[in-house]
Amino acid sequence: LGTRIGYCMPSCGGGIVFGEAMKRRGAEWHAVLPFDEDDFRAEAVGPWTARYEELRGWLRTTRHAATTEAYLGDEVLYSFAGRFMQGLALARAAEVGLEAVAVVLRDPAGGDGLDRFVEEWKAGGQD
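Source: prediction; values computed, not measured. (Residues numbered from 1 in each chain as written. Predicted model: local features only at pLDDT ≥ 70, side-chain atom pairs only at ≥ 80, totals over all residues. Heavy atoms only, no water.)

A.B. asks: Help me understand the pairing of strand 2 (residues 28-33), please; the structure alone is not making it clear to me.
C.D. replies: Each regular strand displays side chains that alternate between the two surfaces of the sheet. For strand 2, a buried count of six out of six residues is recorded, marking the element as mostly surrounded by other parts of the structure. Side chains E28, H30 and V32 project from strand 2 onto one buried face, and the interleaved W29, A31 and L33 project onto a second face that is buried too. Where strand 1 (residues 5-8) and strand 2 come together, four bridges link them in parallel fashion. For C8, the partnering residue across the bridge sits in strand 2 and is A31. A crossover links strand 1 with its parallel partner strand 2, the connecting element being helix 1 (residues 14-24), and its sense is right-handed. (Buried < 20%, exposed > 50% of the residue type's maximum accessible area, 1.4 Å probe, protein only. Helix = DSSP H or I, 4+ residues; strand = E, 2+ residues; numbered from the N terminus. Pairing = 2+ DSSP bridges. Right-handed = clockwise from strand over helix to strand, strands pointing away.)

See below:
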């Protein structure tokens, strides 16, 4: 896609790999955290902590907090962060005159919570 600007939740696996790919190409990368960063590391980063920390320190990384509250086991914070991320991406794309495209990496085992993200993206008229 020739991506120059990217947004994602940098959780274990795909989110961190995406951030690393953005770093390699020198692109603008925005990490969206759904809740308190320490809780996010413990809940969603796990064994990928060293790679997360390396990305966190990269100069072209901007961190956005959808909320700063503790996780407390409520999955709705991920959904809210996904919607928040969509708004950030759409606003940035309009600002620089680019088309926003959602690329979703889905775990074939399911349980990744991406259905709502995809539904909301499509409901907003995006592909």
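A.B. asks: Just checking my understanding: could you explain the pattern of salt bridges for this structure?
C.D. replies: Oppositely charged side chains are able to pair whenever their charged atoms sit close together. What the rule picks out here adds up to ten salt bridges. R92 is the partner of E28 in a salt bridge, and the nearest nitrogen-oxygen pair spans 2.8 Å. With E28 in strand 2 and R92 in helix 4 (residues 76-96), this residue pair connects regions lying 64 residues apart in the sequence. A relative accessible area of 15% means that E28 is categorised as buried. Accessibility expressed as a relative area gives 21% for R92, which makes it partly exposed. D38 serves as the salt-bridge partner of R41, at 2.7 Å between the closest nitrogen and oxygen. Here R41 and its partner D38 are both found in helix 2 (residues 37-45), three residues apart, which amounts to about one turn of the helix. Within this structure, E37, D38, R41, E53, R56 and R63 form a network of salt bridges that share partners. (Salt bridge = Lys/Arg side-chain N within 4 Å of Asp/Glu carboxyl O.)

A.B. asks: I tried to follow the layout of surface pockets on my own but got confused; where do I start?
C.D. replies: Where empty space is left can be seen by rolling a probe of water-molecule size over the atoms. There is about 1,600 Å³ of room inside the largest pocket. Surrounding the largest pocket, 48 residues form its lining, Y7, C8, M85, V103 and V104 being those nearest its centre. Elements that contribute at least two residues to the lining of the largest pocket include exactly strand 1, helix 1, helix 2, helix 4 and helix 5 (114-123). A total of ten residues in the lining of the largest pocket trace back to one element, the largest contributor, which is helix 4. Residues of the lining of the largest pocket, tallied by class, amount to 23 nonpolar, 13 polar and twelve charged. (1 Å grid on protein atoms, 1.4 Å probe; cavity = no way out; pocket = protein on both sides within 12 Å on 5 of 7 lines; lining within 4 Å. Points joined across faces, edges and corners; volume = space filled by probe spheres on them. Nonpolar A, V, L, I, M, F, W, Y, C, P; charged D, E, K, R; others polar.)

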